[in-house]
Amino acid sequence: MSDTFRQELVALIPRLRGHAMALTGSSAEADDLIQDTMVRAWRFREGFREGSNLNAWVNKILRNTFYTSSVARRNTVQDVDGKYAAALTCDADQEWRMKYSDLTRALQSLTPESRDALLLVVAEGLSYEDAAEISGCPVGTMKSRVNRARERLAELIDVDLPKANMRAGRRRAAAVSGADSKWALTANAA
């Protein structure tokens, strides 16, 4: 039945095209309708009784497919001015992804001791005492590491923290004065 059924089904396509064009009024929609009809006819080929009228059976599938899609289209809201679509929008998350990426990069640039201290206290929520015990250092050292890590991280991801800004300014000043002293040494050697 499969080969004969397939050949007879393919032979009906030109006739179906006229019927589909009359229903849809568009050649593109008619082609889509015929394709959907062929898929459904093939899927439900076991429901076709041998010896009955294949043309009538397939045309009924075509008609039912058209009306089913028409109901679906009718239940679709026309949004010409975009008012409904605007109500369904959400804020983009790209900015947060970029900030997260900056944060993970900045964390990797911290010293391992500072990063571990910060993650133990801030990310895992451990007390300074518990974090110090895990790291094998005094509590004061743990507090100092966490504080320096927070300030350095704030500087790296450009968060406005007054202490971090002051330290960054001092580092820049030291780097510039170090560069000036190197230049002075080079100039004196010449």
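Scroll up a little and you will see the structure.
Because the structure is predicted, anything quoted here is derived from the model rather than measured.

Caption draft 1: How the structure looks around the layout of surface pockets. Empty space within the largest pocket amounts to approximately 200 Å³. In terms of lining residues, the largest pocket is bounded by twelve residues, among which Leu-103, Leu-107, Leu-118, Val-122 and Leu-153 are the most central. Listing elements by their share of the lining of the largest pocket, those giving two or more residues are α6 (94–109), α7 (112–123) and α9 (139–156). Here the lining of the largest pocket is composed, by residue class, of eleven nonpolar, no polar and one charged.

Caption draft 2: Just the environment of Thr-37, in detail. Looking at the element boundaries, Thr-37 is found in helix α3 (residues 27–43). Taking relative accessible area as the criterion, Thr-37 reaches 0% and is therefore assigned buried. Once the C-alpha coordinates of Thr-37 and Thr-65 are considered, the two residues, 28 residues apart in sequence, prove to be 6.8 Å apart. Aside from chain neighbours lying at most four places away, what touches Thr-37 is Val-58, Ile-61, Leu-62 and Thr-65.

Caption draft 3: Expanded view of the pattern of salt bridges. Within the structure shown, the criterion is met by three salt bridges. Notably, a salt bridge pairs Arg-105 with Asp-102, separated by 3.4 Å at the nearest N-O pair. One end of the pair is Arg-105 and the other is Asp-102, both in helix α6 and three residues apart, which spans about a single turn. Accessibility expressed as a relative area gives 34% for Asp-102, which makes it partly exposed. Residue Arg-152 is joined to Glu-155 by a salt bridge in which the shortest nitrogen-to-oxygen separation is 2.8 Å. Pair noted here: Arg-152 and Glu-155 are both in helix α9, with a separation of three residues, about one helical turn. Overall, the relative accessible area of 32% leaves Arg-152 in the partly exposed class.

Caption draft 4: Representation of the side chain of Arg-115 in the model. Along the chain, the position of Arg-115 falls in helix α7. Look at Arg-115: it is buried, it has no salt bridge, and the nearest opposite charge is Asp-116 at 4.8 Å. Those residues within four positions of Arg-115 in sequence are excluded, and the remaining contacts are Leu-107, Gln-108 and Leu-110.

Caption draft 5: Representation of the packing of α7 against α9 in the model. Closest axis-to-axis distance for the α7/α9 pair is 8 Å, and the angle between their directions is 100°. By the criterion of interaxial angle, the relationship of α7 to α9 is roughly perpendicular. In contact with Glu-113, Ser-114, Ala-117, Leu-118, Val-121 and Val-122 of α7, α9 contributes Met-142, Arg-145, Val-146, Ala-149, Arg-150 and Leu-153. Taken together, the residues that form the contact of α7 with α9 break down as eight nonpolar, one polar and three charged.

Analysis parameters
Residues numbered from 1 in each chain as written. Predicted model: local features only at pLDDT ≥ 70, side-chain atom pairs only at ≥ 80, totals over all residues. Heavy atoms only, no water. 1 Å grid on protein atoms, 1.4 Å probe; cavity = no way out; pocket = protein on both sides within 12 Å on 5 of 7 lines; lining within 4 Å. Points joined across faces, edges and corners; volume = space filled by probe spheres on them. Helix = DSSP H or I, 4+ residues; strand = E, 2+ residues; numbered from the N terminus. Nonpolar A, V, L, I, M, F, W, Y, C, P; charged D, E, K, R; others polar. Buried < 20%, exposed > 50% of the residue type's maximum accessible area, 1.4 Å probe, protein only. Contact = heavy atoms within 4.5 Å. Salt bridge = Lys/Arg side-chain N within 4 Å of Asp/Glu carboxyl O. Lys, Arg positive; Asp, Glu negative; His and termini not counted. Axes fitted to C-alpha atoms, helices over the stretch in contact; angles between N-to-C directions. Parallel < 35°, antiparallel > 145°, perpendicular 65-115°, else oblique.

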